[in-house]
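Residue strings, one per chain:
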Amino acid sequence: MAAITAALIKQVREDTGAGMMDVKKALTEAEGDVARAKEIIRAKGIAAAGKREGRKAQEGTIGSKVVETAEGQTGYAVELNSETDFVAKTPKFVEFTDEVLGYAVEANAESAAELLAAKVGDATVKEAVEEAAALFGEHVKVGQFAKISGEHVEVYAHKKSAEMPPSIVAMIATDKAGAAVAHEAALQISAMGAQWLTREDVPADVVESERRVATEKSLAEGKPEQIVPKIVEGRLNAFYKESVLLEQSYVKDPSKTVGDLFKEVGGKAVAFARVEVGKGEEE
């Protein structure tokens, strides 16, 4: 059994938003297993999984671009963070974000780490970002990075207000036929925040965790044991409809799914990405 330290309690509190005593009880029941403790908290309805209440907000913007390749198109999205939205909305910060995006394209980077290590003259992108931080008078860093490829790549950049630069970028890669509905799909990704493209893409451990939570929740609600499996399957399907892009109800016409949109044009979605300012990992 892992020691239930103050640091462990703090970690679970930040990840779930649950109170200290609830977290301590869950960790004790889970014998110090953090993942299991989170499941227990969710099953008891104490907090929603994955929410990080009280985390420090990160400001900034996202640069995005689609480039032509021999196989079709590749889309890039790079988040650049600042401490305040005052700096994030300045033309110079937006211009520098586009510069960093350009470095990602030139280097054909596959990750934020590769981007930061890429050369800019005699220096690296990491050093260029550090120099820019001194000019802006704030801590500046490269945040999330996304790259997808396909015959067609659609990008939608969302601004939360007219005076601010993009704070959400949604990208989707499709085949040629799917390009006909790619813009609608990108709008859906921006608004509804799917995590996976198909239910087959959902990791097995995530499915197993959802199944356990649904089972424990059903039993805690006093549902008869013999019908619990059916209830669990229903809750799993609801999870898929919320988290899987092609199974989500289409926001403009809930009578159909996003998958139906692609079926109607005989097209296929092959990959997608969504980047939102401040939603990446803390340093």
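Residues numbered from 1 in each chain as written. Predicted model: local features only at pLDDT ≥ 70, side-chain atom pairs only at ≥ 80, totals over all residues. Heavy atoms only, no water.

K.L.:
How do you make sense of the sheet that holds strand S2 (residues 73-82) when you look at a structure like this?
P.N.:
Backbone-to-backbone hydrogen bonds join strands into a sheet, with any given pair of strands oriented parallel or antiparallel. Within the open sheet, the three strands sit side by side as S1-S2-S5. Their pairing is antiparallel. On the outer flanks of this sheet lie strand S1 (59-68) and strand S5 (141-150), each paired with one strand and no other. In this sheet, adjacent strand axes meet at a mean angle of 15° when their direction is disregarded. Set on the sheet, helix H5 (residues 91-107) makes contact with S1, S2 and S5; between it and S2 the angle comes to about 135°. (Pairing = 2+ DSSP bridges. Helix = DSSP H or I, 4+ residues; strand = E, 2+ residues; numbered from the N terminus. Axes fitted to C-alpha atoms, helices over the stretch in contact; angles between N-to-C directions. Contact = heavy atoms within 4.5 Å.)

K.L.:
Explain the packing of helix H1 (residues 6-16) against helix H3 (residues 34-43) to me, please; I cannot follow it from the model alone.
P.N.:
One way to put it is that H1 packs onto H3 with a least axis distance of 11 Å and a crossing angle of 45°. In this view, H1 runs oblique relative to H3, as classed from their interaxial angle. Classified by chirality, the crossing of H3 by H1 is right-handed. Residues Leu8, Gln11, Val12, Asp15 and Thr16 of H1 pack against Val34, Lys38 and Ile41 of H3. For the contact of H1 with H3, the class distribution of residues is four nonpolar, two polar and two charged. (Parallel < 35°, antiparallel > 145°, perpendicular 65-115°, else oblique. Left-handed = near helix turned anticlockwise from the far one by under 90°. Nonpolar A, V, L, I, M, F, W, Y, C, P; charged D, E, K, R; others polar.)

K.L.:
Before we go on, may I ask you to explain the nonpolar core in this structure?
P.N.:
One broad rule of soluble globular proteins: the nonpolar side chains tend to lie buried together. Ranked by internal contacts, the top residues of the largest apolar core, which has 24 residues, are Val78, Val100, Leu115, Val142 and Phe145. Mapped by element, the contributors of at least two residues to this core are S2, helix H4 (85-88), H5, helix H6 (112-117), helix H7 (125-136) and S5. With six residues, H5 is the largest single contributor of residues to this core. Among all residues touching Val78, those that are not within four sequence positions of it are Thr61, Ile62, Gly63, Thr97, Val100, Leu101, Ala104, Leu115, Val142, Gln144 and Phe145. In this structure, Val181, Ala182, Ala185 and Leu197 belong to the second largest nonpolar core, which totals 16 residues. (Core = buried A, V, L, I, M, F, W, Y, C linked by side-chain atoms within 4.5 Å. Buried < 20%, exposed > 50% of the residue type's maximum accessible area, 1.4 Å probe, protein only.)

K.L.:
Honestly, the pattern of salt bridges in this entry has me stumped. Any pointers?
P.N.:
In a structure, side chains of opposite charge can pair up when their charged atoms sit close to one another. As enumerated under the stated definition, the model contains 15 salt bridges in all. Among the ionic pairs, Arg274 bridges to Glu276, the shortest N-O distance being 3.0 Å. A relative accessible area of 27% places Arg274 in the partly exposed class. Overall, the relative accessible area of 13% leaves Glu276 in the buried class. Members of the salt-bridge network, linked through shared partners, are Arg36, Glu39, Glu208, Arg212 and Glu216. (Salt bridge = Lys/Arg side-chain N within 4 Å of Asp/Glu carboxyl O.)

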